[in-house]
Number of protein chains: 2
Amino acid sequence: MSQEADFIAALRGLATSPAARGLADDAAVLEVGGRSLVLTHDMIVEGVHFLPDDPPADVAWKLVAVNLSDLAAKGARPVGALLGYMLGDDAWDRDFARGLAITLESFGLPLLGGDTVRGAAGTKRALGLTAIGEAAGPVPSRAGAAPGDHLWVTGSLGDAGAGLRVLKGEIAASAFLVERYRTPRPRLEAGAALAPLVGAMMDLSDGLLIDARRMAEASGCAFEIELSSLPLSDAFLAAVGEDRRFAATAGDDYELLFTARPARATEILRLSEEQGLPISRIGAAASGRGLSLTEGGESVPLPARLGWEHG
Amino acid sequence: MSQEADFIAALRGLATSPAARGLADDAAVLEVGGRSLVLTHDMIVEGVHFLPDDPPADVAWKLVAVNLSDLAAKGARPVGALLGYMLGDDAWDRDFARGLAITLESFGLPLLGGDTVRGAAGTKRALGLTAIGEAAGPVPSRAGAAPGDHLWVTGSLGDAGAGLRVLKGEIAASAFLVERYRTPRPRLEAGAALAPLVGAMMDLSDGLLIDARRMAEASGCAFEIELSSLPLSDAFLAAVGEDRRFAATAGDDYELLFTARPARATEILRLSEEQGLPISRIGAAASGRGLSLTEGGESVPLPARLGWEHG
């Protein structure tokens, strides 16, 4: 096991409350006075989750968006946020605060509190956000998939990964792809509308294949994914081509992965049309364990690397 | 204004929800389904809030305790926590996890979720905790003091500041003082019992004088503090002597500062006896503005430095 996996395993023993969902879900779900509060806390670190020359306003957006994406995956409406901010240089802080204002306004997200600290000299900055949401109904987990379910994904895959390659100068410039990397759009409306229809739901942060394997494991079933069905954007196709293995493992998608009974397909496609958001069927759940891949119906081996292992 | 004050002023404009209390209180107070949730997020940074050679288990304790102290000041019972953890070296992480287990168990605090990230190479570690509490009744703010109120403080002052001086080798060793610095005890029971009796209440983190001035400002009244009434521990007296100016400005006390109508004095002293926790009357609120100091009833000037300015 990795060092991180060891640490998380140690924490899991401490997370005995049902609200913690065994630390195996996107968020905690706390029942308070007959209401379901959904709580998540994600950190981003300079040099790891964002680049020192990323625009500070985009870093503010990303910090908020990755947390709201967890709420989206639980079908929750954002209620407020607490910010853990490490000061850096003055101009960067000012731009961050302006970006945060725009971000919070965009999402109608009230800032409720938090903490501002100085970093030690020469340190890379670490920023944290706690997002609090409220779910209108039952809160889907990662563990609700059942054999026979269809497997679906919102939006398109691999755009953010391609955007990072643009920023590294590896592929031709594309404003769309860079935007998908720097300012992901949490699927809040889709998540809220899908929550009553799904078996399991989670957001995609580390790569479709690794996240799908986590969902299959949590649900105690097998997933089969058909590579050719993975949705790609026009910008991705133009910049990268039909490299669906890259799209399936690149991470940072912040799309929703979910399963639903086949009888739900019509409703899901209607919802997709209403919201103007592509929702694509990419596979199915079966009895058994593990993740398998087909391409044009033929079984193909899984890539050696399924995504980012850190989660 | 300092850089931090500028940044916080910029955030204040974003914190328009009443739950945020204008970012001027110890915690946010969110009304959910007729219940009062109290939410706080504090970060601690290596080299700033803890020392690289502090025992990792004590760092875990302090991270939890400083957050629970905010809940105590709002009279809230802890309900759960989310951890934002930056991995470091393996042995440190393991000791931190063990210390966290002991800490959570001590406080009966469920771990609900959070995030684990890798730091960038060579970075100092930053750790964050979000604590969620629930208040049984109205939640005291910093703004509730009124002229004529008595001003009170729990426990003893300056012990943690003296403990830091022990660790720096400036004064003779004292296990008690070091423990007060490394493993503060949030006054949860006292806070919950005091909440219905107080005008204003807050926890002391940056130094009595600076925190008292903040409370007076938030309440729109003046505070007069009698230096000779500040409670000192036997260990402090033995190690530092009767240096009440040091005790009043050293910070890291994590005691409760509160005001109450004079008619509450008997109840407060009875509560102090029941809980075995000293509660000392140290001054009074008056009409006007600002903070003034007396010593043996004679007006004396305020020290040039009132405490830690970062808050």
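A quick note: this is a predicted structure, and the numbers were derived from the prediction, not measured. The residue numbering used here restarts from 1 in each chain and proceeds along that chain's sequence as written. Labels follow written order: the first chain is A, the first ligand is 1, and so on. The model is predicted, so local features are restricted to residues of pLDDT at least 70 and side-chain atom pairs to those at 80 or more, both for listing and for counting; the totals for chains, interfaces and linings are taken over all residues. As a rule here, side-chain values come from all non-hydrogen atoms in the structure, and water together with hydrogens is ignored.

I'd love a proper account of the overall build of chain A, names of residues and values included.
A tally of regular secondary structure across chain A gives 10 helices and 12 strands. Note on method: radius of gyration uses C-alpha positions; expected globular size equals 2.2 Å times residues raised to 0.38. In terms of C-alpha radius of gyration, chain A reaches 19 Å, essentially the compact-globule figure of 19 Å for 311 residues. Expressed as lengths along the three principal axes of its C-alpha atoms, the size of chain A is roughly 55 × 55 × 45 Å. Each residue is placed in one exposure class: buried if its accessible area under a 1.4 Å probe, protein chains only, is under 20% of its type's maximum, exposed if it is over 50%, and partly exposed if it falls in between. Expressed as a percentage of its 311 residues, the buried residues of chain A come to 60%. Contacts: residue pairs with any heavy atoms within 4.5 Å of one another. Intrachain contacts of chain A at a sequence separation of at least 6 include 81% that bridge at least 24 residues. Working definition: helices are DSSP H or I runs of at least four residues, strands are E runs of at least two. Numbering for both runs from the N terminus.

Which residues make up the relation of the copies chain B and chain A, and what values go with them?
The two copies are related by a screw operation: chain B maps onto chain A through 180 degrees of rotation and 0.0 Å of translation along the axis, at an RMSD of 0.0 Å. On the angle and the small slide along the axis, the relation comes out as a two-fold axis. When you check the interface residues of chain B against chain A, 100% turn up at the interface there too, and the contact is symmetric in its surfaces. Least-squares superposition of the copies uses the C-alpha atoms of those residues scoring a pLDDT of at least 70 in each of them.

Account for the side chain of B:Glu46, with residues named and values stated.
Tracing the sequence through the fold places B:Glu46 in the loop between strand S2 (35–45) and helix H2 (56–73). If sequence neighbours within four positions are ignored, B:Glu46 has contacts with A:Ala120, B:Pro52, B:Lys124 and B:Arg125.

I'd like a description of the pattern of salt bridges, backed by residues and values.
Think of a salt bridge as a Lys or Arg side-chain nitrogen and an Asp or Glu carboxyl oxygen that are within 4 Å of each other. Counting across every chain of the model gives 46 salt bridges over all chains. With a shortest N-O distance of 3.0 Å, A:Glu255 and A:Arg180 are connected by a salt bridge. Residue A:Glu255 is found in the loop between helix H9 (244–249) and strand S9 (256–260), and its partner A:Arg180 is found in helix H5 (residues 175–182); the two are separated by 75 residues along the sequence. Looking at A:Glu255, the relative accessible area reads 0%, which means it is buried. Note that B:Lys74 is salt-bridged to B:Asp25, the shortest N-O span being 2.7 Å. Of this pair, B:Lys74 sits in the loop between H2 and strand S3 (76–87) while B:Asp25 sits in the loop between helix H1 (3–12) and strand S1 (28–32), and the two are 49 residues apart along the sequence. The residues B:Lys74 and B:Asp25 share a single accessibility class, namely buried. Residues joined by salt bridges that share partners form a network here, namely A:Arg21, A:Asp25, A:Asp26, A:Lys74 and A:Arg142.

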